[in-house]
Amino acid sequence: MSDPAKVPPADEAGYRFDTLAVRAGTERTAFGEHTEAMFLTSSFVHDSAEHAAAKFAGQAEGYIYSRFGNPTVRLFEKRLAALEGAGDCRATASGMAAIMAVLMSLTRSNDHIVCSQGVFGTTIQLFALFGRYGIETSYVPLADVGAWEAAIRPNTRMLFLETPSNPMTEVGDVRALAAVARRHGIPLVVDNCFCTPALQRPFELGADIVVHSATKYLDGQGRVLGGAVLGSEQYMNETLQPVLRYCGATLSAFNAWLLAKGLETLSVRMQRHSDNALAVARWLEAQPAVARVHYPWLESHPQHALARAQQGAGGAVLAFELHGADDDERRARAWRVVDGCRLLSITANLGDVKSTITHPASTTHGRMAPEARLEAGIGEGMLRVAVGLEDPQDICDDLARGLAARGTAPEAARAGVGG
Ligand SMILES: Cc1ncc(COP(=O)(O)O)c(C=O)c1O
């Protein structure tokens, strides 16, 4: 049997990103397994009654119960913390559980938070739910740093943003917003779901807390739900851990194992997703039926320079808008494009190797008040594509089929990725 102590402590050895993605967090058991072990157990045994008492009192090290600690979950947490450059990480059952835990950890009744317009629709619903406990949310345009500062009140406890945003791919200036947050002593929370640490590292830009829907690109193959919160060790231990322990929004060991293995290929996947998405975005820009394409790596994107400064590549998600005389016509055209595609999957999920297409106004953002949706720029003619790892020419050919569906395009769609 091998000596577990011989496993290189990858997190501490100063390795680079791709090495950490493959190695960080690994703790080999006495059996000497090469791939990481999976611990499917709800509880852990103790050596004696005295040992049990010491562990429960926090006087002895060791796992107790998987709701608040499991070695496979810890593997995923340590690996992701190494990739984000965070003090520590706590995994959660889903991305929404991560956002909820952060909200519960930072606020009390009658507090206030500031959030960017155009975040994931369910995040807005969650914040609205917390309105029941007197927690009020102000929504501000992501790119307007002055509006963030103006919205801050004496009882503001968190600034929350998603960048790039879903589905508009708007880019927020994390460094500038971190300076605002620091001036007011308020934590800046960044949802890094679209970029992942392979393309964007918010802590290096001054963020205090990062959240993830691990369901998306951290897994990368559409297999499981998961989430994560990252921040300082002190925040994790003193502020977040009690919320997670008592609320039980725990990631399962099986899902944690898949997510940890997903991280191993993260940067390769994110680069290919980004290359494919840029090819599709350029092609869409040349289509007469398309009024506008939103993708941070296009020169036409309003925050293209900022995106280039803070991201390593554009990511997988793009949105585009169709022409139409009014909302009814734009929605009808958008739905015909969706129904006309044969390859792209009609599903609201993103972060999969399979490309997906969705109509945000009637799905992911369908529960938003129509005025708030319009203010966030999500019109009836908008479609979101999460570009997968298929051949980009096949993705364009499929979108051409959708755009050519009867009644959609003013002219027939032009084919060819380079178009
Ligand atoms: C940016 C963003 N944050 C959070 C979530 C929520 O994640 P989950 O579905 O894992 O709860 C999503 C889901 O699509 C998302 O796109």
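Procedures and definitions
Residues numbered from 1 in each chain as written. Predicted model: local features only at pLDDT ≥ 70, side-chain atom pairs only at ≥ 80, totals over all residues. Helix = DSSP H or I, 4+ residues; strand = E, 2+ residues; numbered from the N terminus. Rg over C-alpha atoms; globule rule 2.2 N^0.38 Å. Buried ≥ 20, exposed ≤ 12 C-beta atoms within 10 Å, placed from the backbone. Pairing = 2+ DSSP bridges. Domains from an automatic or database assignment. Contact = placed C-beta atoms within 7 Å. Nonpolar A, V, L, I, M, F, W, Y, C, P; charged D, E, K, R; others polar. Axes fitted to C-alpha atoms, helices over the stretch in contact; angles between N-to-C directions. Expected span 1.5 Å × (residues − 1). pLDDT = per-residue confidence, 0-100.

### What about the overall build of the chain?
Okay, so step 1: Secondary structure assignment for the chain yields 15 helices and twelve strands.
Okay, so step 2: Here the chain has a C-alpha radius of gyration of 22 Å; the compact-globule value for 419 residues is 22 Å, and the two agree.
Okay, so step 3: Taken along the three principal axes of its C-alpha coordinates, the chain extends 75 × 55 × 35 Å.
Okay, so step 4: Counting only residues that meet the buried cut, the chain has 48% of its 419 residues in that class.

### What about the pairing of strand S1 (residues 88-92)?
Okay, so step 1: Of all five residues that make up S1, four are buried, and the element is covered over most of its length.
Okay, so step 2: Bridge analysis of S1 against strand S7 (residues 227-231) gives five bridges, and the strand direction is antiparallel. If you follow Cys-89 over to S7, its bridge partner there is Leu-230.

### Observations concerning the environment of Arg-269
Okay, so step 1: Note on placement: Arg-269 falls in helix H11 (residues 266-285).
Okay, so step 2: Between the C-alpha atom of Arg-269 and that of Glu-204, which follows or precedes it by 65 residues, the distance is 22 Å.

### Brief notes about the domain arrangement of the chain
Accessible area lost when the parts come together is the quantity often used to give the size of an interface.
Okay, so step 1: We note that the domain assignment places domain 1 (4-108 + 183-263) and domain 2 (266-403) within the chain.
Okay, so step 2: If you average the C-alpha positions of domain 1 and of domain 2, the two centres end up 31 Å apart.
Okay, so step 3: In this complex, domain 1 contributes 20 residues to the contact, which on the side of domain 2 involves 16 residues.
Okay, so step 4: Elements with a contribution of two residues or more to the side of domain 1 that touches domain 2: helix H1 (17-23), helix H8 (196-199) and helix H10 (253-263).
Okay, so step 5: By residue class, the composition of the side of domain 1 that touches domain 2 is ten nonpolar, seven polar and three charged.

### Observations concerning the pairing of strand S6 (residues 209-213)
Okay, so step 1: Most of S6 is tucked away: five of the five residues are buried.
Okay, so step 2: With burial as the criterion, each face of S6 is covered, one bearing Ile-209, Val-211 and Ser-213 and the other bearing Val-210 and His-212.
Okay, so step 3: Two elements, strand S5 (residues 188-191) and S6, share three bridges in a ladder whose sense is parallel. Opposite Asp-191, over in S6, you have Val-211 as the bridge partner.
Okay, so step 4: Of the pairings in the sheet, the one linking S6 to S7 comprises four bridges and is antiparallel in character. Across the sheet, residue Ser-213 finds its bridge partner in S7, namely Gly-227.

### Remarks on the sheet that holds S7
Okay, so step 1: Here seven strands make up an open sheet; going across it, the order is S1-S7-S6-S5-S4-S2-S3 and the pairing mixed. At either end of the open sheet lies a strand with only one pairing partner, and these are S1 and strand S3 (136-140). Averaged over all neighbouring strand pairs, the angle between strand axes comes to 20°, with direction disregarded.
Okay, so step 2: The sheet contact formed by strand S2 (residues 112-116) and strand S4 (residues 156-162) spans four bridges and is parallel. Its bridge partner being in S4, Cys-115 is matched across the sheet by Phe-160.
Okay, so step 3: Against the sheet, helix H3 (residues 71-84) engages S1, S6 and S7, with an angle of about 130° to S1.

### Section: helix H15 (residues 392-403)
Okay, so step 1: Helix length check: H15 (twelve residues) gives 16 Å between terminal C-alpha atoms against 16 Å at 1.5 Å per residue, within 8%.
Okay, so step 2: Residues of H15 that are buried: Pro-392, Ile-395, Cys-396, Asp-398, Leu-399, Ala-400, Gly-402 and Leu-403.

### A word on the sheet that holds strand S10 (residues 345-346)
Okay, so step 1: Strands sit in the order S8-S9-S12-S11-S10 across an open sheet of five strands; the sheet is mixed. Looking at the sheet topology across the chains shown, the edges are occupied by strand S8 (290-294) and S10.
Okay, so step 2: Sheet topology note: the strand S9 (residues 317-322)/strand S12 (residues 382-386) ladder contains five bridges and is antiparallel. Considered in S12, the bridge of Phe-320 is made with Leu-383.
Okay, so step 3: The strands touched by H11 within the sheet are S8, S9 and S12, with S8 carrying the most contacts at an inclination of about 155°.

### A look at the confidence of the model for the chain
Okay, so step 1: Within the chain, residue pLDDT values average 93, and 94% of them lie at 70 or more.
Okay, so step 2: Every residue in residues 1-6 scores below 50 in pLDDT, and together they form nine contacts with partners more than four places removed in sequence or on other chains.
Okay, so step 3: Across residues 408-419 the pLDDT falls below 50, and counting only partners more than four positions away or on other chains, this stretch makes 31 contacts in the model.

### Some remarks on unusual backbone geometry
Okay, so step 1: Looking along the chain, the bond that leaves Thr-163 and enters Pro-164 is cis, with omega of -5°.
Okay, so step 2: By the element assignment, Pro-164 lies in the loop between S4 and helix H7 (174-184).
Okay, so step 3: Phi is positive for Thr-169, which is not a glycine, with a value near 55°.
Okay, so step 4: Note on placement: Thr-169 falls in the loop between S4 and H7.
Okay, so step 5: Phi at Thr-196 takes a positive value of approximately 65°, unusual for a residue other than glycine.
Okay, so step 6: Relative to the helices and strands, Thr-196 resides in helix H8.

### Observations regarding H10
Okay, so step 1: Of all eleven residues in H10, nine are buried, a share of seventy percent or more.
Okay, so step 2: All of the buried residues in H10 are Ala-253, Asn-255, Ala-256, Trp-257, Leu-258, Leu-259, Ala-260, Gly-262 and Leu-263.
Okay, so step 3: For H10, the secondary structure elements touched by its buried residues are H1, H3, S1 and H11.

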